[in-house]
Amino acid sequence: MKKQAGGTLLGLILGLIIGLGIAVGVALMISKTPLPFTNKTGAQPERSTQLPPATNDLSDPNKPLYGKKQPKPAETTDPAAPAAPAATTTPAAPVVDKSTLAKEKAQAKVEAAAKAESDEKWIYYLQAGAFRERADAENMKAKLALLGFEASVSAYQADTGALHRVRIGPFGQLETMNRVRGKLSDNGVDVAVVRIGK
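Residues numbered from 1 in each chain as written. Predicted model: local features only at pLDDT ≥ 70, side-chain atom pairs only at ≥ 80, totals over all residues. Heavy atoms only, no water.

Draft legend 1. The packing of aromatic side chains, seen in detail. For the structure on display, the rule yields zero aromatic pairs. The cationic tip of Arg167 hangs over the ring face of Tyr125; the distance from NZ or CZ to the ring centre is 5.5 Å. The ring of Trp122 is capped by Arg195, whose NZ or CZ atom sits 3.9 Å from the centre of that ring. (Phe/Tyr/Trp six-rings, centres within 6.5 Å; stacked < 30°, edge-to-face > 60°. Lys NZ or Arg CZ within 6 Å of the ring centre and 35° of its normal.)

Dropping the structure here:
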């Protein structure tokens, strides 16, 4: 047992001596190599002992960002003096002709009436798909129900065969239909708008 303890102590001391030797070698090597960011010619750069002349004009830190157009220099003032209020100019109010204003109001009324009339002429549906198999249509209907939308499945005879359409609606107003369409789009459901005359 004593032999083994002596061997461990001897190994520890030898390891420290070898590590110290490696550290000294690395330190000497680093001190002998030239530094990468120094002047290799050995000449010291000249240092000016004169300070730049003191001015009240502060340099603009954004000057390189202006490009070719230089802003007008600000007037130099005494920092201790109170700041004078800046002269503000108010833009002249545009002259509005009463007849122009009346025409704009009339135009707005016509557009509102046309929109109301278009809502009265059409019924809107959102179609979430048309499937050959009724089971696929029922699956889409169930998916929409999980999202909180009530859909209906209707059969349609196309040239290529029977199709089962999944539709949400009817919507009497375009705004309501667009709101529901946006919610479906947010949930990753693509729908087509179907417009049917009343």
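Structure's up, so let's keep going.
Draft legend 2. Helix H4 (residues 174–186), seen in detail. For H4, which comprises 13 residues, the first-to-last C-alpha distance of 18 Å matches the rise-based estimate of 18 Å (1.5 Å per residue) to within 8%. When we look at burial in H4, the residues that qualify are Met177, Val180 and Leu184. Taken around the axis of H4, the buried residues stretch over an arc of 65°, which confines them to a single face. The exposed set on the far side of H4, more than 90 degrees from its buried face, consists of Arg179 and Asp186. (Helix = DSSP H or I, 4+ residues; strand = E, 2+ residues; numbered from the N terminus. Expected span 1.5 Å × (residues − 1). Buried < 20%, exposed > 50% of the residue type's maximum accessible area, 1.4 Å probe, protein only. Arc of directions from axis to C-beta.)

Draft legend 3. Seen up close, the pairing of strand E2 (residues 151–158). Of the strand pairs in this sheet, E2 and strand E3 (residues 161–171) are connected by eight bridges, and their pairing is antiparallel. Residue pairing for E3: Gln157 is matched across the bridge by Ala162. A loop of two residues connects E2 with E3, the two strands running antiparallel in sequence. (Pairing = 2+ DSSP bridges.)

Draft legend 4. Representation of a nonpolar patch on the surface. A contiguous nonpolar surface patch, about 590 Å² in accessible area, is contributed by Leu10, Leu14, Ile18, Ile22, Val26 and Ile30. Residue placement: Leu14 occurs in helix H1 (residues 2–32). (Patch = residues over 30% accessible without salt bridge, like charges linked within 9 Å, V, L, I, M, F, W, Y side chains within 5 Å. Areas by Shrake-Rupley, 256 points an atom, 1.4 Å probe, with all protein chains shown as cover. Salt bridge = Lys/Arg side-chain N within 4 Å of Asp/Glu carboxyl O.)

Draft legend 5. Structural context of the nonpolar core. One finds Leu126, Leu144, Val166, Ile168, Phe171 and Leu184 to be the most contacted residues of the largest nonpolar core, which totals 17 residues. Taken together, the elements giving at least two residues each to this core come down to strand E1 (122–131), helix H3 (134–147), E2, E3 and H4. Here Leu184 is in contact with Leu126, Leu144, Phe149, Ile168, Val189 and Val191, once residues within four sequence places are set aside. (Core = buried A, V, L, I, M, F, W, Y, C linked by side-chain atoms within 4.5 Å. Contact = heavy atoms within 4.5 Å.)

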